Amino acid sequence: MANVVVVGAQWGDEGKGKIVDWLSERADVIARFQGGHNAGHTLVIDGKVYKLHALPSGVVRGGKLSVIGNGVVLDPWHLMEEIATLRGQGVEITPETLVVAENTPLILPLHGELDRAREAAATGNVKIGTTGRGIGPAYEDKVGRRAIRVADLADAATLEARVDRALLHHDALRRGLGMEPVDREDLLARLRAVAADLLPFAGPVWRRMDEARRAGRRILFEGAQGALLDIDFGTYPYVTSSNVIAGQAATGVGLGPGAIDFVLGIVKAYTTRVGEGPFPTELHDADGERLGTRGHEFGTTTGRKRRCGWFDATLVRQTCATSGVDGIALTKLDVLDGFERLRICTGYRLGDQTLDHLPTAAEAQARCEPIYEEMEGWSESTEGARSWADLPGGAIKYVRRIEELVRCPVALLSTSPEREDTILVRDPFED
């Protein structure tokens, strides 16, 4: 039985929620391995809509173990609110069905405050387009060895010492930004209060994952955001603060790389991006508006309108390489129904150069002009198709051309938000 990593192969918002839910029904363990509650998955199950941010998608499925790994940064108050919301929708979440890694760093209120203050102080192209949820500052504290982790909540003396170490750093930063110092006693009181709710879910995730693997249980590793937002291989500095690519799946839960058997890259049939940063195929015309309207392109977490553009095969080929993608899940093909002509980016022009990859330097990325090839569209509907025979010829040609250009086969094809409207080409769990 294969263990499967699901990663977004663009800038996020590729439709991972539906695909992860589709796969999680057949998995035994579903593990989040990076990111924070700036991620957003929308699941539609039997007509009921679930919006998840911190929790793995498997929590809405009975009989599964859901895991929040050490690669995540966790806002404990948000987590408890999310659990309460889902319980109100009839979802059972207990310490037997959800485990949070003891070594997971916490997102504190001061992290969100710092995040928003920095973004407000930034001007022009210095703005990153952060969600303001405190994700970046929390990862900074982790790397700076001043994070408060889940396990620290269990001991009063340790917790106070950790808070003092964090405030030594943060109060100095806040003074520089004209902010008031953190109220130490209020922060400690809030942490003590949430500890009683969070600690029952805490455990040694590395051990639970090792036991699951040795027992031959199917593990689904769930990533957030997209590979183009990876801190090392994304469009830096307009990126998230963690590694998003598939290699992080093992590190983010405490397993070795041999635990990964299949990498599934989620790819939208066109391209979208939220926030600042380069976007070579972005459209500012009627086609861009049409993609956004038909695709309902508004962020699950922020509600911000997504920027839309033609499919960029050059970028996806690059992310398939950096994540070692074995197969792609192509989503939102139905959004392209009715377009007379479609464009696919096959490379870039940068001055007098022709490039087959996106350059590393941000200044060069911003100047890249897409090189397009055109294809005929299709007038027939692909919405709800569940087999190749249901697809018009033009749609099949488009999919096949994408496979050629990104050098990776399609494993799944999604033709609507409904989980059943999926064409299975290659089963990741049976690879």
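Worth saying up front: this structure is predicted, and the values here are computed from it rather than measured.

Caption draft 1: Geometry of the pattern of salt bridges. Under the definition given, this model contains 28 salt bridges. For Arg 174, the salt bridge goes to Glu 113, with nearest N and O atoms at 2.8 Å. In this pair, Arg 174 sits in helix α5 (residues 156–176) while Glu 113 sits in helix α3 (residues 109–121), placing the two residues 61 residues apart along the sequence. Judged by relative accessible area, Glu 113 falls into the partly exposed class, the value being 31%. With its nearest N and O atoms 2.8 Å apart, the salt bridge here joins Asp 421 to Arg 386. Of this pair, Asp 421 sits in the loop between β17 (410–414) and β18 (422–424) while Arg 386 sits in the loop between β16 (369–376) and α12 (393–406), and the two are 35 residues apart along the sequence.

Caption draft 2: Main features of the environment of Asp 13. Inspection of the secondary structure puts Asp 13 in the loop between β1 (4–8) and α1 (16–24). Of the residues examined, Asp 13 reaches a relative accessible area of 27% and is grouped as partly exposed. Residues Asp 13 and Cys 320, 307 residues apart in the sequence, show an inter-C-alpha distance of 17 Å. The residues touching Asp 13, leaving out its near neighbours within four places in the chain, are Lys 268, Thr 272, Val 274 and Arg 306. For Asp 13, the side chain forms a polar contact with the side chain of Arg 306, separated by 3.3 Å.

Caption draft 3: Quick peek at the pairing of strand β4 (residues 48–52). Examined bridge by bridge, strand β3 (residues 41–45) and β4 share 5 bridges and lie antiparallel to one another. Along β4, the bridge assignment pairs Leu 43 with Tyr 50. The loop that links β3 with its antiparallel partner β4 comprises 2 residues; one of these, Asp 46, has a positive phi angle of about 50°.

Caption draft 4: Region of interest: the sheet that holds strand β13 (residues 327–331). The mixed open sheet is built from 10 strands, whose spatial order is β7-β6-β5-β2-β8-β1-β9-β13-β17-β18. The sheet is open, and its two borders are formed by β7 (202–203) and β18, each paired with just one other strand. Bridge count for strand β6 (residues 98–101) against β7 is 2 bridges, and the pairing is parallel. Pairing of Val 100 across the sheet is with Ala 202, part of β7.

Basis of the calculations
Here, residues in each chain are numbered from 1, in the same order as that chain's written sequence. A pLDDT threshold of at least 70 governs which residues receive local features in this predicted model, and a stricter bar of 80 or more applies before side-chain atom pairs are shown or counted, although totals over entire chains, interfaces and linings include all residues. With hydrogens and water set aside, each side-chain value is computed from the structure's full complement of heavy atoms. Take a side-chain nitrogen of Lys or Arg and a carboxyl oxygen of Asp or Glu: if they are within 4 Å of each other, that pair is a salt bridge. Helix and strand definitions here come from DSSP, where helices need a minimum of 4 consecutive H or I residues and strands a minimum of 2 consecutive E residues; each element is numbered from the N-terminal end. In this scheme, a residue with accessible area under 20% of its type's maximum is buried, one over 50% is exposed, and one in between is partly exposed, where area comes from a 1.4 Å probe on protein chains only. The contact definition used throughout considers only heavy atoms, calling two residues in contact when any of these lie within 4.5 Å. Within 3.5 Å is the distance limit for a polar contact, defined as a pair of N or O atoms, with the added protein rule that one can donate a hydrogen and the other accept it, and that residues adjacent in sequence qualify only through two side-chain atoms. A pair of strands is labelled paired if DSSP reports no fewer than 2 bridges between them.

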